[in-house]
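# Architecture and fold: a report
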Amino acid sequence: MSNIVAIVGRPNVGKSTLFNRLIQRREAIVDAVSGVTRDRNYGKSEWNGKEFSVIDTGGYVRGSDDVFEGEIRKQVELAIDEADVIIFVVDVEEGITPMDDAVAKLLRKVTKPVLLAVNKVDNAMREKDAVEFYNLGLGEYYTFASISGSGTGDLLDALIEAFPTLPEPTQEEIVLPRFAVVGRPNAGKSSFINALIGKERFMVTDIAGTTRDAIDTKFDRFGFEFNLVDTAGIRRKAKVKEDLEFYSVMRSVRAIEHADICILIIDATRGFEGQDQSIFWLAEKNRKGVVILVNKWDLVEKDTMSTRDYEEKIRKELMPFTDVPILFVSAITKQRLLKALEATVQVFENRKQRIPTSKFNDYMLKVIEGYPPPALKGKYVKIKYCMQLPTATPQFVFFANLPQYVKEAYKRFLENKIRENWDFSGVPIDIYIREK
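Residues numbered from 1 in each chain as written. Predicted model: local features only at pLDDT ≥ 70, side-chain atom pairs only at ≥ 80, totals over all residues. Heavy atoms only, no water.

Further remarks concern the packing of aromatic side chains. Taken as a whole and judged by the stated rule, the model has 17 aromatic pairs. Centroid distance Phe 280 to Phe 321: 5.9 Å. Interplanar angle 35°. Geometry classified as tilted. Here Phe 280 is found in helix H9 (residues 274-285), whereas its partner Phe 321 is found in the loop between helix H10 (306-318) and strand E13 (326-328), with 41 residues between them in sequence. Its relative accessible area of 1% is what places Phe 280 among the buried residues. Here Phe 396 and Phe 424 contribute two aromatic rings whose centre-to-centre distance is 5.8 Å and whose plane-to-plane angle is 80°, an arrangement assigned as edge-to-face. One end of the pair, Phe 396, is in strand E15 (residues 395-400); the other, Phe 424, is in the loop between helix H13 (408-421) and strand E16 (430-435), with 28 residues separating them in the sequence. Of the two residues, Phe 396 and Phe 424, both sit in the buried class. Here a set of aromatic residues connected by ring pairs shows up, and it is made of Phe 360, Tyr 363, Phe 396, Phe 398, Trp 422 and Phe 424. (Phe/Tyr/Trp six-rings, centres within 6.5 Å; stacked < 30°, edge-to-face > 60°. Helix = DSSP H or I, 4+ residues; strand = E, 2+ residues; numbered from the N terminus. Buried < 20%, exposed > 50% of the residue type's maximum accessible area, 1.4 Å probe, protein only.)

Written out as structure tokens, the structure reads:
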């Protein structure tokens, strides 16, 4: 489980520059997902062996000055709810502004770690100017320059120190899979969960989840047993009109981080929209299993081709990861809910399956012999051995004499052949080519 870090502050203080620097620190870091809100704002980073997710709340506020404060307050409150650590970025050139004071006032009330990061400090004179920020009442501050990167190492060291110590999981939490119900607002997440749980509450026990403020519902019916993580209606604030898009993705990030399988609920009456895609790619980037449920199917006018056409449209949007179960359900009429559960449990089994090395070699080496990697610059690539790595998610390594000549297209070919012979439906697969 990785921690979540939120970067907050008023506009134009360098939040996005810091965000970009954090997520691009190493080649192996997952790229930011485009369109999670209206800009790149979600990514993964690593420092001193600790992986964490970064959420940038910047590049988002717009309107006149009197609108800014309300929008900033909304963003910071979401960050306070969802993040483990908050980085509050200020600008040494402009000093403390009324908007900085407003954000600091909110942050002084929280019990979560807050790191005050003073940006654009790239010389000794500005180092002295930064002393002013003690007046915000947030204690120690860290100076850095997001463009050049100076000072970010000290900030990241402090960040790692500030992460909470996660409790050791109990044996039950290790055994029971965790299924997160995610999706855009009003897609029917709550209705889906209520339809599953029904009125027989005695069969369900609410246990405090590892995610802050979320409730894991232990589900034990119809021969299935798992923890169901609800991202719908968690600590909704009656007096705060959250931007629905940003709000739902913040919730989804938290749930996806700590789940095994993500049940993505989409609204059949609205189609597979940009936000649905964003949440899907969040799950894929985190290497989680995915099941897509097209809810409210009872409200859609259908002909004999409707289901097939609808499914094809969704798969077209998912390319190249199209091997995902798509079911058409109705939480209100309880249509195909049991099949949805069966599909989700099957994806969980697919995700943890292990292929014996001998069987894997017997099949894949024949495939490779029949269709070897294309020669490049007169050099022929030979793959003599392959195996599944002992990792939590399906990863396969192929040993070759010239791994640098194996292109992405051939890796996709290998993945497709693996999927043809073994059921990895709903599960992302990683293919590595290494030198033998």
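Now that the structure has been shown, we can carry on.
The terminal C-alpha atoms of H10, which comprises 13 residues, lie 19 Å apart, in line with the 18 Å expected from a rise of 1.5 Å per residue. Residues of H10 that are buried in the fold lie against strand E11 (261-267), H9, strand E12 (289-295) and E13. (Expected span 1.5 Å × (residues − 1). Contact = heavy atoms within 4.5 Å.)

Any two packed helices are characterised by how steeply their axes cross, that is the angle between the axes, and by the distance between the axes. Following both chains from N to C, one finds helix H12 (residues 357-370) and H13 inclined at 135°, their axes separated by 11 Å at the closest point. Comparing their axes, H13 and H12 come out oblique. Between H12 and H13 lies a crossing whose hand is right-handed. Across the interface between the two elements, Phe 360, Tyr 363, Met 364, Val 367 and Ile 368 from H12 touch Tyr 410, Phe 413, Leu 414, Lys 417, Ile 418, Glu 420 and Asn 421 from H13. In terms of residue class, the contact of H12 with H13 is made up of 9 nonpolar, 1 polar and 2 charged. (Axes fitted to C-alpha atoms, helices over the stretch in contact; angles between N-to-C directions. Parallel < 35°, antiparallel > 145°, perpendicular 65-115°, else oblique. Left-handed = near helix turned anticlockwise from the far one by under 90°. Nonpolar A, V, L, I, M, F, W, Y, C, P; charged D, E, K, R; others polar.)

Our focus in this paragraph is unusual backbone geometry. Note the cis peptide between Met 319 and Pro 320, where omega equals 5°. Relative to the helices and strands, Pro 320 is located in the loop between H10 and E13. Even without being a glycine, Lys 334 presents a positive backbone phi close to 65°. Here Lys 334 shows up in the loop between E13 and helix H11 (337-352). The backbone of Arg 336 sits at a positive phi, close to 60°, despite the residue not being glycine. For Arg 336, the location among the structural elements is in the loop between E13 and H11.

Overall, the coordinates contain 14 salt bridges when judged by the stated rule. Its salt-bridge partner being Glu 273, residue Arg 270 comes within 3.4 Å of it at the nearest N-O pair. Residue classification places Arg 270 among the partly exposed residues on the basis of a relative accessible area of 43%. A salt bridge links Lys 352 to Glu 349, with the nearest nitrogen and oxygen atoms 3.7 Å apart. (Salt bridge = Lys/Arg side-chain N within 4 Å of Asp/Glu carboxyl O.)

In terms of burial, strand E7 (residues 178-182) is a largely internal element, 5 of the 5 residues being buried. Here 4 bridges tie E7 to strand E10 (residues 224-230), and the two strands are oriented parallel to one another. Bridge pairing links Arg 178 to Asn 227 in E10. (Pairing = 2+ DSSP bridges.)

With that settled, consider the pairing of E11. With 7 of 7 residues buried, E11 lies mostly within the body of the structure. Of the two faces of E11, the one holding Ile 261, Ile 263, Ile 265 and Asp 267 and the one holding Cys 262, Leu 264 and Ile 266 are both buried throughout. In the sheet, E7 pairs with E11 via 4 bridges, with the strands oriented parallel. Within the sheet, the bridge partner assigned to Val 181 lies in E11 and is Ile 263.

The next thing to look at is the confidence of the model for the chain. Looking at the chain as a whole, its pLDDT mean stands at 78, while 78% of the residues score no less than 70. Confidence drops under pLDDT 50 across residues 25-40; counting only partners more than four residues distant or on other chains, this segment forms 49 contacts. Considering only residues more than four positions removed or in separate chains, one finds that residues 59-64, a stretch of pLDDT under 50, has 14 contacts. (pLDDT = per-residue confidence, 0-100.)

Tracing the chain through its elements places Thr 143 in strand E6 (residues 141-143). Looking at Thr 143, the relative accessible area reads 17%, which means it is buried. A polar atom in the side chain of Thr 143 sits 2.9 Å from the side chain of Glu 127. (Polar contact = N/O pair within 3.5 Å; in protein donor to acceptor, adjacent residues only side chain to side chain.)

Next up on the list: the nonpolar core. Judged by nonpolar contacts, the single largest core of 51 residues is most densely connected at Phe 88, Leu 107, Phe 280, Ile 292, Val 294 and Ile 314. Broken down by element, the residue count for this core peaks at 5 residues, all from H9. Membership of the second largest hydrophobic core comes to 27 residues, among which are Val 181, Ile 261, Ile 263 and Leu 337. (Core = buried A, V, L, I, M, F, W, Y, C linked by side-chain atoms within 4.5 Å.)

A word on the sheet that holds strand E14 (residues 383-388). Judged by pairing direction, the sheet is mixed, and its 3 strands sit side by side in the order E14-E15-E16 without closing on themselves. Since the sheet does not close on itself, it has two edges, and those belong to E14 and E16, each with one partner. Across this sheet, the average inter-strand angle for adjacent strands is 20°, counted without regard to direction. Sheet topology places E14 next to E15; 5 bridges connect them, and they run antiparallel. Looking at E15, one finds that Met 387 is bridged to Val 397. Packed onto the sheet, H13 meets E14, E15 and E16 and runs at close to 120° relative to E16.

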